[in-house]
Amino acid sequence: MELIPAIDIINGQCVRLTKGDYDQKTVYRDSPAEVAKEFEQIGFRRLHVVDLDGAKSRHIVNEAVLKAITAETSLTVDFGGGIKTDEDIEKAFAAGAAMVTVGSIAVTQPDIFMRWLEKYGPERLILGADVRHGKISINGWKEDSAEDLLPFLHKYVEAGVRHVLCTEISKDGTLSGPAVDLYSQVMDAYPGLHLIASGGVSSIDDIVRLNQAGIPAVVFGKAIYEGRIDLRELINSKL
């Protein structure tokens, strides 16, 4: 199983929200790049970075933080938050992102997403599928679309998407356990998908449950910063 720690950024700081609510923000560290270096030293190879200012502003904001992380580590970084235009996606790649996560555009301007998929290829593009009450949420989780999860995924999997980051928003930042049933439904429908589960992870046991359910990858953040997961123990568990 691919283990992917997360860094969420507001005002250049490492933060976590609860259920995507910007009013429920906790600042954990001032230097995301230092946090990234610590992850690398422990043994992680992947990192998920979210520009929460960007998600809210609808354009990349924390480009300099991404550059610092990719310059100071050799982590494979996927980056999301505010990628709405050709300029945004080029900025993310130029700043060192190996992959980008794109969600809202895939809902509101699917022609742009399809063009990016063709231009950059399925190994550099992660489809963000953030779910609330069964519907895909967009624009920093401030709006729910009319799109249902499985039909939404279907058209893009058919088009060649291979990587999907799925967040159950009601679980995100709550440490209440992941939505294993939801992710299992996705894997049952699309068994070849590289699904990255996100939201609710509170312990190594939660990650074990996802692994046992056949989920290929997991993103987790708050459990790290709240001291709920011993990262060295997790790395040594050989999940």
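Going along each chain's sequence as written, the residues are numbered from 1 onward. Totals for whole chains, interfaces and linings use all residues, but because this is a predicted model, local features are given only for residues with pLDDT of at least 70 and pairs of side-chain atoms are given and counted only at 80 or more. Side-chain measures were taken over the full set of non-hydrogen atoms in the model, leaving aside hydrogen atoms and water.

### Observations concerning the side chain of Thr70
Strands here mean DSSP runs of E at least two residues long; helices mean DSSP runs of H or I at least four residues long; both are numbered from the N terminus. Mapped onto the fold, Thr70 is located in helix H3 (residues 63-72). If we ignore the near neighbours within four places in the chain, the residues touching Thr70 are Val77, Ala95, Gly96 and Ala97. Contact definition: two residues touch when any of their heavy atoms are within 4.5 Å.

### Section: the environment of Glu2
Among the structural elements, Glu2 can be located in strand S1 (residues 2-10). When accessible area is computed with a 1.4 Å probe and restricted to protein chains, residues below 20% of their type maximum are described as buried, those above 50% as exposed, and intermediate ones as partly exposed. For Glu2, a relative accessible area of 26% translates into the label partly exposed. The residues touching Glu2, leaving out its near neighbours within four places in the chain, are Arg46, His194, Pro216, Ala217 and Val218. Reaching out from Glu2, the side chain makes a polar contact with the side chain of Arg46 at a distance of 3.1 Å. For the purposes of these results, a polar contact is taken to be a pair of N or O atoms within 3.5 Å, where, inside protein, one atom must be able to donate a hydrogen and its partner to accept one; residues adjacent in sequence count only when each atom of the pair is a side-chain atom.

### Description of the pattern of salt bridges
Side-chain pairs of opposite charge can arise whenever the charged atoms involved come near each other. In the sections that follow, a salt bridge refers to a side-chain nitrogen of Lys or Arg positioned within 4 Å of a carboxyl oxygen of Asp or Glu. Evaluation of the coordinates by the stated rule reveals 11 salt bridges. A salt bridge links Lys37 to Glu72, with the shortest nitrogen-to-oxygen separation between them at 3.2 Å. Note that Lys37 is positioned in helix H1 (residues 32-42) and Glu72 in helix H3, a separation of 35 residues in sequence. The class of Lys37 is partly exposed, set by a relative accessible area of 22%. The shortest N-O distance in the salt bridge between Arg46 and Asp78 comes to 2.6 Å. Of this pair, Arg46 sits in strand S4 (residues 46-51) while Asp78 sits in strand S5 (residues 76-80), placing them 32 residues apart in sequence. A relative accessible area of 1% means that Asp78 is categorised as buried.

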